[in-house]
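Listed below, chain by chain, are the residues.
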6 protein chains.
Amino acid sequence: MKVAVYRREHFNAAHRLHNPNLDAETNQRLFGKCNNPHYHGHNYDLTVCVVGEVDPITGYVIDTKILSDLIKTYVTEPFDHHNLNLEVEEFKSLNPTAEHIAYVIYERLRPHIAQDKDLKITLYETERNFVEYPIH
Amino acid sequence: MKVAVYRREHFNAAHRLHNPNLDAETNQRLFGKCNNPHYHGHNYDLTVCVVGEVDPITGYVIDTKILSDLIKTYVTEPFDHHNLNLEVEEFKSLNPTAEHIAYVIYERLRPHIAQDKDLKITLYETERNFVEYPIH
Amino acid sequence: MKVAVYRREHFNAAHRLHNPNLDAETNQRLFGKCNNPHYHGHNYDLTVCVVGEVDPITGYVIDTKILSDLIKTYVTEPFDHHNLNLEVEEFKSLNPTAEHIAYVIYERLRPHIAQDKDLKITLYETERNFVEYPIH
Amino acid sequence: MKVAVYRREHFNAAHRLHNPNLDAETNQRLFGKCNNPHYHGHNYDLTVCVVGEVDPITGYVIDTKILSDLIKTYVTEPFDHHNLNLEVEEFKSLNPTAEHIAYVIYERLRPHIAQDKDLKITLYETERNFVEYPIH
Amino acid sequence: MKVAVYRREHFNAAHRLHNPNLDAETNQRLFGKCNNPHYHGHNYDLTVCVVGEVDPITGYVIDTKILSDLIKTYVTEPFDHHNLNLEVEEFKSLNPTAEHIAYVIYERLRPHIAQDKDLKITLYETERNFVEYPIH
Amino acid sequence: MKVAVYRREHFNAAHRLHNPNLDAETNQRLFGKCNNPHYHGHNYDLTVCVVGEVDPITGYVIDTKILSDLIKTYVTEPFDHHNLNLEVEEFKSLNPTAEHIAYVIYERLRPHIAQDKDLKITLYETERNFVEYPIH
């Protein structure tokens, strides 16, 4: 009996879209106002989904308290009230688009979720723009 | 032409997490404050999804009025303003975790949905904790 | 690295459910108050999902600004503040159920999305009734 | 001990903005796409607030079940799935702006709420446009 | 320069509506399914508003971190995952209607908010039923 | 006949809480992680309320299209995708707390709203923290 369990968390961060391998003009053309060198920011809304068999003892796929603690340790504490480009290691060389942030969150959480369970990340940059990773 | 149709309903219920096959101390360790013997409660938010071919006469997969009535009869009327552990037959022997509640809702509705249609349950226990069943 | 990108837009429209190939009495029986000849209306909430590989230069599957402009041109401008039955070509002969509206939106957008990307439409008619198309 | 009690209800209706005392050109200039003669529509979201003393026997200002029934009888049943301009008496001579709809709802409910209680209407035409009446 | 600052918190609790000074039949007539002796429950959503002058040094009326900690200490920790009737002192003799819960929350917080500031409580029992206290 | 009309808009900005008249240590003690010198950010959600008499010709207090354009010109365009501390004139010398941002928005809009109308600003920094200005 497989169930998907979702836990929603939040973080508030500054970022700018900028590919350090491209010149300033190309960055400006590609990313427009999102390329502002003084940064802008978002209330990121994060949903982490874990899919697996229900444990017959607990009735849980995963205790959402444990899932919430993992997200806090590996994602929301290092990201919240920070500048993603300057203060989160992965984004020093990777443009922090919503697509890449979802990928980085997945990579940070994957080692801490049991291997027989699937993991999926949904990241809302705003109420109107959001992404999901991975897609099979 | 296959479409997924969703109908959202609500119910307010009391519950406690408790596995009657385990001793009190193990229940307390596994479920913490959710094990409180005096119960706590939730505004459960339920989305029922039916997937199937669109009927060329009506343009419907299923009339959401009919779907809503089925959910009321088999789920929200028997669950709403009730104590799940004490008053819903299935949970007298099954721990009412969100995973198990979604499973019970699926089992209650499945016989009333045409066999050539798929059924999926999403159950929000809170805005931040929710589950989906089944997962193929 | 495949990611799903979602963009949410809105439009406000009038409609009535009515199959012009059926007589008045059958339409009334099938669609009840939704068949009202004077129309009623909705704030339709539309989410368009594009699934594809992330471009290594931009970090985007698709620029949501471009996706938003496509949706405006082909869907929200022709639908918003209009009467779907009388003023949108496809619904002159097709009953504008949520299922059919999602299908029409898909058909309007599909030619403008790169062929190696998947497209999915979620259409909320109300907070409690919504549909998704296509389903594989 | 005075408390404000709020009850939220919904209705879906068609309307157009049109002042029958003005010519077509002026109506078009004043109301733009909202003046479309074929109508458009909304999911109106209505909150009715009743302010008064808490009854020491019940602990209620007003039973929200009773308040909900009043709103259904006098507002949502006559408005829902209807065309406000053509099918609601008051709007045959009154332009159905959000301001006027809130006023009409107030006038319909006021006689049915005890005189020692205050009544306030909040009407959402969309998530982004809403009004409140009366203002003292 | 006076500003109103709002902080939103949540708690999940069981309750039943029951006036211990009335007989069982009267309680059942007055409170219907809310009088169920086995309890039901809600995800209560609480907004606490503090109105006062902005401090010229901090730019705050009140640090929302401090306000959040006060709400946790005096309201959400003692109420969350508890049975209001059985486990919260005030409701052993007071019917836990939304009106009374808002009043009790106000009384618990008032001594901890500076006297030159106003305090207002908004309590959502469900998305559709909520109350505000006090009203001047 | 007085009505309050509300229009909701959004902007995404970076900021840090910092009083330039205080030393680094005091700023850190007062504002904690919100004082991060590399900035963080928010999806600010803004509701602008205009209260006044309903115009008997239009049925409007104010055309929300005009109100929306004013908000765009004076607030969301200069604030959106910008760094409030570095790029918005008023915050070069004023700590951008939610209280102060609401005050600045009020000051920017007040000259453009007719004098016989009242103006009120509600600013959500997050779903859980918001402010209202002015308060009479």
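Treat the numbers as computed from the prediction; the structure is a model and nothing was measured.

Draft legend 1. How the structure looks around the overall build of chain A. The secondary structure content of chain A amounts to four helices and five strands. Secondary structure elements of chain A occur, N-terminal to C-terminal, as β-α-β-α-β-α-α-β-β. When the 136 residues of chain A are sorted by exposure, 60% land in the buried category. Contacts spanning at least 24 positions in sequence make up 67% of the contacts within chain A whose residues lie at least 6 apart. Within the structure as shown, chain A displays about 5,600 Å² of accessible surface, and the carbon and sulfur contribution to it stands at 50%. In chain A, 14 positive and 20 negative side-chain charges are present, and the distance between their average locations comes to 3 Å.

Draft legend 2. Focus on the interface of chain F and chain A. Between chain F and chain A, the residue contacts involve 23 residues of the former and 23 residues of the latter. Together, the buried faces of chain F and chain A total about 1,800 Å²; carbon and sulfur atoms form 48% of this surface. Considering only the side of chain F, the residues that lose the most area to chain A are His38(F), Asn43(F) and His81(F), jointly responsible for 33% of the buried surface there. Where chain F packs against chain A, one counts four salt bridges. In this structure, the salt-bridge partner of Arg8(A) is Glu127(F), at a minimum N-O distance of 3.2 Å. For the pair chain F and chain A, the number of links is 19 residue pairs in polar contact (both at pLDDT 80 or more). For the side of chain F that touches chain A, the secondary structure elements donating two or more residues are strand E1 (2-15), strand E2 (40-53), strand E3 (82-83) and helix H3 (84-87) of chain F. Looking at the side of chain F that touches chain A element by element, the count peaks at five residues for E1(F).

Draft legend 3. Expanded view of the pattern of salt bridges. Inspection of the entire model under this criterion finds 60 salt bridges over all chains. As a salt-bridge pair, Arg7(B) and Glu9(B) come within 2.8 Å of each other at their nearest N and O atoms. The exposure class of Arg7(B) is buried, given its relative accessible area of 12%. One connected set of salt bridges, linked through shared partners, spans Arg8(A), Asp45(A), Glu127(B), Arg8(E), Asp45(E) and Glu127(F).

Draft legend 4. Geometry of the environment of Leu86(F). You can see Leu86(F) is positioned in helix H3. When its relative accessible area of 36% is taken as the criterion, Leu86(F) is described as partly exposed. Taking C-alpha positions, Leu86(F) is 8.4 Å from His15(F), a pair spaced 71 residues apart along the chain. Not counting residues up to four positions away in its chain, the partners in contact with Leu86(F) are His38(A), Tyr39(F) and Lys92(F).

Draft legend 5. The arrangement of the state of the cysteines in detail. Scanning the model with the defined rule gives zero disulfides over all chains in all. The closest cysteine sulfur to the non-disulfide-bonded Cys34(A) is located on Cys49(C), 20 Å from its own sulfur.

Draft legend 6. Representation of helix H4 (residues 98-109) of chain A. All names here are of chain A. Taking 1.5 Å as the rise per residue, H4 with twelve residues should run 16 Å; its terminal C-alpha atoms sit 17 Å apart, in good agreement. Burial analysis of H4 places nine of its twelve residues in the buried class, which makes it a mostly covered element. For H4, every residue scored as buried is listed here: Ala 98, Glu 99, His 100, Ile 101, Ala 102, Val 104, Ile 105, Tyr 106 and Leu 109.

Draft legend 7. Representation of helix H2 (residues 64-79) of chain A within the structure. All names here are of chain A. The sharpest bend along H2 measures roughly 50° and falls at Lys 72. All of the buried residues in H2 are Leu 67, Ser 68, Leu 70, Ile 71, Val 75, Thr 76 and Phe 79. Buried-residue contacts for H2 involve strand E1 (2-15), strand E2 (40-53), strand E3 (82-83), helix H3 (84-87) and H4. For H2, the capping residue at the N-terminal end is Asp 63, with a side-chain oxygen 2.9 Å from the backbone nitrogen of Lys 65.

Draft legend 8. Main features of the packing of helix H2 (residues 64-79) of chain D against helix H4 (residues 98-109) of chain D. Residues and elements named next belong to chain D. Closest axis-to-axis distance for the H2/H4 pair is 9 Å, and the angle between their directions is 140°. With respect to each other, H2 and H4 are oriented oblique. Crossing handedness for the pair H2 and H4: right-handed. When H2 is examined against H4, the residues Leu 70, Ile 71, Tyr 74, Val 75, Pro 78 and Phe 79 are found in contact with a partner set consisting of Ile 101, Val 104, Ile 105, Arg 108 and Leu 109. Partitioned by chemical class, the residues of the contact of H2 with H4 number ten nonpolar, no polar and one charged.

Draft legend 9. Broad picture of the relation of the copies chain F and chain A. Its rotation angle being 180°, the transformation that places chain F on chain A also includes 0.0 Å of axial translation and leaves an RMSD of 0.0 Å. Such a combination of rotation and displacement between the chain copies is what one expects of a two-fold axis.

Draft legend 10. Inspection of the environment of His42(E) at higher detail. Along the chain, His42(E) turns up in strand E2 (residues 40-53). Classification of His42(E) by relative accessible area gives buried; the value is 1%. It is 15 Å that separates the C-alpha atoms of His42(E) and Thr122(E), two residues lying 80 residues apart in sequence. Contacts of His42(E), omitting those with residues within four sequence positions, involve Asn12(B), Gly41(B), His42(B), Asn43(B), Phe11(E), Asn12(E), Ala13(E), His15(E), Glu125(E) and Thr126(E).

Draft legend 11. Spatial organisation of the packing of aromatic side chains. The full count for this structure, using the stated rule, is 48 aromatic pairs over all chains. Between the aromatic rings of Tyr103(C) and Tyr133(C), the centroid separation amounts to 5.8 Å while the plane-to-plane angle is 75°, which identifies the pairing as edge-to-face. You can see Tyr103(C) sitting in helix H4 (residues 98-109) and its partner Tyr133(C) sitting in strand E5 (residues 129-133), a full 30 residues away along the chain. Tyr103(C) sits in the partly exposed class, given a relative accessible area of 27%. Relative accessible area serves as the criterion here: at 10%, Tyr133(C) is assigned to the buried category. Pairwise contacts between aromatic rings join Phe11(A), Tyr44(A), Phe79(A) and Phe91(A) into one cluster.

Draft legend 12. Highlighting the confidence of the model for chain A. Considering every residue of chain A, the mean pLDDT works out to 97; 100% of them sit at 70 or more. Quick note on the complex model: pTM equals 0.97, ipTM equals 0.96.

Draft legend 13. Quick look at the arrangement of the chains. With no contact formed, the shortest span from any C-alpha in chain B to any C-alpha in chain D equals 14 Å. The two units chain A and chain E remain apart, with a minimum C-alpha distance of 14 Å.

Draft legend 14. Broad picture of the pairing of strand E2 (residues 40-53) of chain D. Residue and element names in this part refer to chain D. Along E2, 13 of the 14 residues are buried, which leaves the element largely enclosed by surrounding structure. Bridge count for strand E1 (residues 2-15) against E2 is 14 bridges, and the pairing is antiparallel. Bridge pairing in E2 links Asn 12 to Asn 43.

Draft legend 15. Representation of the pairing of strand E4 (residues 118-124) of chain C. Residue and element names in this part refer to chain C. Note: strand E2 (residues 40-53) against E4, seven bridges, orientation antiparallel. Note that in E4 the partner of Val 51 across the bridge is Asp 118. In terms of strand pairing, E4 meets E5 through four bridges, oriented antiparallel. Bridging across to E5, Thr 122 finds its partner in Glu 132. Here E4 hands over to E5 after four residues, the two strands then running antiparallel side by side.

Draft legend 16. Molecular detail of the environment of Ile57(B). Relative to the assigned elements, Ile57(B) resides in the loop between strand E2 (40-53) and helix H2 (64-79). Owing to a relative accessible area of 45%, Ile57(B) belongs among the partly exposed residues under this scheme. C-alpha separation for the pair Ile57(B) and Val75(B), spaced 18 residues apart in sequence, amounts to 29 Å. Here Ile57(B) is in contact with Asn19(C), Leu22(C) and Leu30(C), once residues within four sequence places are set aside.

Rules used throughout
- Within each chain, residues carry numbers counting from 1 in the order of the written sequence.
- All chains are assigned letters beginning with A, and all ligands numbers beginning with 1, in the order in which they are written.
- Thresholds applied to this predicted model are a pLDDT of at least 70 for local features of residues and 80 or more for the giving and counting of side-chain atom pairs; totals over whole chains, interfaces and linings are not thresholded and use all residues.
- With hydrogens and water set aside, each side-chain value is computed from the structure's full complement of heavy atoms.
- Secondary structure elements follow DSSP: runs of H or I of four or more residues count as helices, runs of E of two or more count as strands, with numbering from the N terminus.
- Each residue gets one of three labels from its accessible area relative to the maximum for its type: buried under 20%, exposed over 50%, partly exposed in between, using a 1.4 Å probe on protein chains only.
- Residues count as neighbours in contact if any of their non-hydrogen atoms are within 4.5 Å of one another.
- Each accessible area value is a Shrake-Rupley result obtained with a 1.4 Å probe; residue values ignore everything except the protein chains displayed when judging cover.
- His is not counted here, nor are the chain ends, while Lys and Arg score as positive and Asp and Glu score as negative.
- By convention, the charge on Lys lies at NZ, on Arg at CZ, on Asp at CG and on Glu at CD.
- Buried area is calculated as the accessible area (1.4 Å probe) missing from two parts once they are joined, with the contributions of both summed.
- The salt bridge criterion pairs a side-chain nitrogen of Lys or Arg with a carboxyl oxygen of Asp or Glu, the two atoms within 4 Å.
- A 3.5 Å cut-off defines polar contacts: any pair of N or O atoms within that distance qualifies, except that in protein one atom must be a possible hydrogen donor and the other a possible acceptor, and neighbouring residues in sequence count only when both atoms are side-chain atoms.
- For this text, the term disulfide refers to a pair of cysteine sulfurs within 2.5 Å.
- Multiplying one less than the number of residues by 1.5 Å gives the expected span of a helix.
- To obtain the bend at a residue, axes are fitted to the seven residues ending there and to the seven starting there, and the angle between these axes is taken.
- Each axis is a line fitted through C-alpha atoms, and for a helix only the stretch in contact is used; angles between axes span 0 to 180 degrees, taken between their N-to-C directions.
- When an angle is under 35 degrees it counts as roughly parallel; over 145 it counts as roughly antiparallel; between 65 and 115 it counts as roughly perpendicular; any other value is oblique.
- It is the rotation of the near helix from the far one that decides the hand of a crossing: anticlockwise by less than a right angle makes it left-handed, clockwise makes it right-handed.
- Amino acids are sorted into nonpolar (Ala, Val, Leu, Ile, Met, Phe, Trp, Tyr, Cys and Pro), charged (Asp, Glu, Lys and Arg) and polar (every other residue, Gly among them).
- Least-squares superposition aligns the copies on the C-alpha atoms of those residues with pLDDT at or above 70 in both.
- Centre distance within 6.5 Å is the pairing criterion for rings of Phe, Tyr and Trp, where only the six-membered ring of Trp is used; planes under 30 degrees apart are then read as stacked, over 60 as edge-to-face, and the remainder as tilted.
- Scored from 0 to 100, pLDDT records how confident the predictor is in each individual residue.
- By the convention used here, strands pair only if DSSP detects at least 2 bridges between them.

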